[in-house]
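Structural features, examined
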Amino acid sequence: MNYYAYRMMIRTHEENVILKCRRLFQQFAVDMYVKVETERLAFIRFNQAKLRSEDYIHLRDAIHSDGDVQNIGRLTILPSSYIGRPRHMHEYAQDAMTYVRNYGTPDLFITFTCNPKWTEIERELDIIARVLQQKLKVMMDVLTKYRVFGDTRCYMYSVEWQKRGLPHAHILIWLLNKLHSNEVDDIISVEIPDPVTDPHLHDIVTTQMVHGPCGALNPLSPCMADGKCTKRYPRPLVAETVTGNERYPVYRRRSKEDNGRTIKVKVQNQEIEIGNEFIVPYCPLLSRIFEKHANVERSSNVQFGQINQIFVQVRHKRQRHGCVWYCVGKCE
């Protein structure tokens, strides 16, 4: 594994011929991945005694569900350390739910999506995974070490490598001091910034944080189902943030008559005007730093059952669309 990672790495002042082989490189990467996975499975198969498979708590259930009396052979139990198996995913989900039981519901729910226009990616189009990993590491340092939202008690995130779209991470943050209702507007915004006083943020929000448009303005939008947006856009315009319900807050979205700003976008070759009703919640500070789509929500009102449902959906996404891996950390 380390040898193949070494061969694929990009180095300064050193030409890597493998990365220029196009389809041959893709075949090489797939073959080496299969080779590594075969070696891991072979180790597990021939070391069942050392792995103490007979002592697994759910061994009997595994035999009943996976064993076939008509299939002559030896049943091999995969440990939870084997990445990608249901036992591995279930173990991470249990670790995450332990945080919820001990520290309550998380304070912030952040979706961090890869930006294909990052300079590092535009220079080398074959390093999306590496650039996202580096950016995500910086993102977690900003949240936990630099305390942009205050002291962090613990965190967890899952990275989804789906067959469609760009890779992205779902991040849950537990803060040492819970967010108060009057602090939400200081952290989260769903309004179009002033293009005169803050043109940089205005450009990021109008290019990265606009949903759709959909609904009556664009019935053919991919998010539409049965004549309605599956993401509940356009959102209602309100003068003040409303909290206290059992879901995410209703953030302040001022209308044009209430000094809210609007922008013009093209939909089906027609230029239309939209307002804050199509803006995805974002943190101005994180948007300025990473210049990308970063959906930030206050989640402290979300109930335990809803959080558990999120983890179930993530596991199902992994089975349907591609790989999902977790990271859980404690800052105290």
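Residues numbered from 1 in each chain as written. Predicted model: local features only at pLDDT ≥ 70, side-chain atom pairs only at ≥ 80, totals over all residues. Heavy atoms only, no water.

**Quick word on the overall build of the chain**
Definition in use: For helices the rule is a DSSP run of H or I covering at least 4 residues; for strands it is a run of E covering at least 2, with both sets numbered from the N terminus onward. Burial status follows relative accessibility: with a 1.4 Å probe on protein chains alone, a residue under 20% of its type maximum counts as buried, one over 50% as exposed, and anything between as partly exposed. We call two residues contacting when some pair of their heavy atoms lies within 4.5 Å. For accessible areas, the Shrake-Rupley method is used with a probe of radius 1.4 Å. Any residue's cover is judged against the shown protein chains and nothing else.
Across its full length, the chain carries 10 helices and nine strands. Out of the 332 residues in the chain, the part that is buried amounts to 42%. Restricting the contact set of the chain to residue pairs at least 6 apart, pairs at least 24 apart contribute 67%. Total accessible area on the chain is roughly 20,600 Å²; 51% of this is exposed by carbon and sulfur atoms.

**Examining the confidence of the model for the chain**
Condition: A score between 0 and 100, pLDDT records how confident the predictor is in each residue.
On average, residues of the chain score 80 in pLDDT, and 78% of them are at 70 or above. Across the chain, the secondary-structure element scoring lowest on mean pLDDT is helix 10 (residues 304-321), at 52, and the one scoring highest is helix 8 (residues 199-208), at 94.

**As for the pairing of strand 6 (residues 263-267)**
Filter applied, for reference: Two strands are counted as paired when DSSP detects at least two bridges linking them.
Taking every second residue as pointing to the same face, the buried face of strand 6 carries Ile-263, Val-265 and Val-267, while none of Lys-264 and Lys-266 on the other face is buried. Of the pairings in the sheet, the one linking strand 6 to strand 7 (residues 270-274) comprises five bridges and is antiparallel in character. Opposite Lys-264, over in strand 7, you have Glu-273 as the bridge partner. Linking strand 6 back to strand 7 in an antiparallel pair, the connection comprises two residues, with Gln-268 at a positive phi of about 55 degrees.

**Let's talk about a nonpolar patch on the surface**
Here is the rule we go by: Residues enter patches when their relative accessible area tops 30% and they take part in no salt bridge; the joining distance is 9 Å for like charges and 5 Å for the nonpolar side chains Val, Leu, Ile, Met, Phe, Trp and Tyr. Any Lys or Arg side-chain nitrogen found within 4 Å of a carboxyl oxygen on Asp or Glu counts as a salt bridge.
On the surface, Val-30, Tyr-33 and Val-34 cluster together into a nonpolar patch covering about 310 Å² of accessible area. Relative to the helices and strands, Val-34 resides in helix 2 (residues 23-46). Taking relative accessible area as the criterion, Val-34 reaches 44% and is therefore assigned partly exposed.

**What about helix 2?**
The condition is simple: Under the convention used throughout, the expected extent of a helix is 1.5 Å for every residue step, that is, one less than its residue count.
The end-to-end C-alpha distance of helix 2 is 35 Å, a good match for the 34 Å that 24 residues give at a rise of 1.5 Å each. For helix 2, the elements touching its buried residues are helix 1 (2-8).

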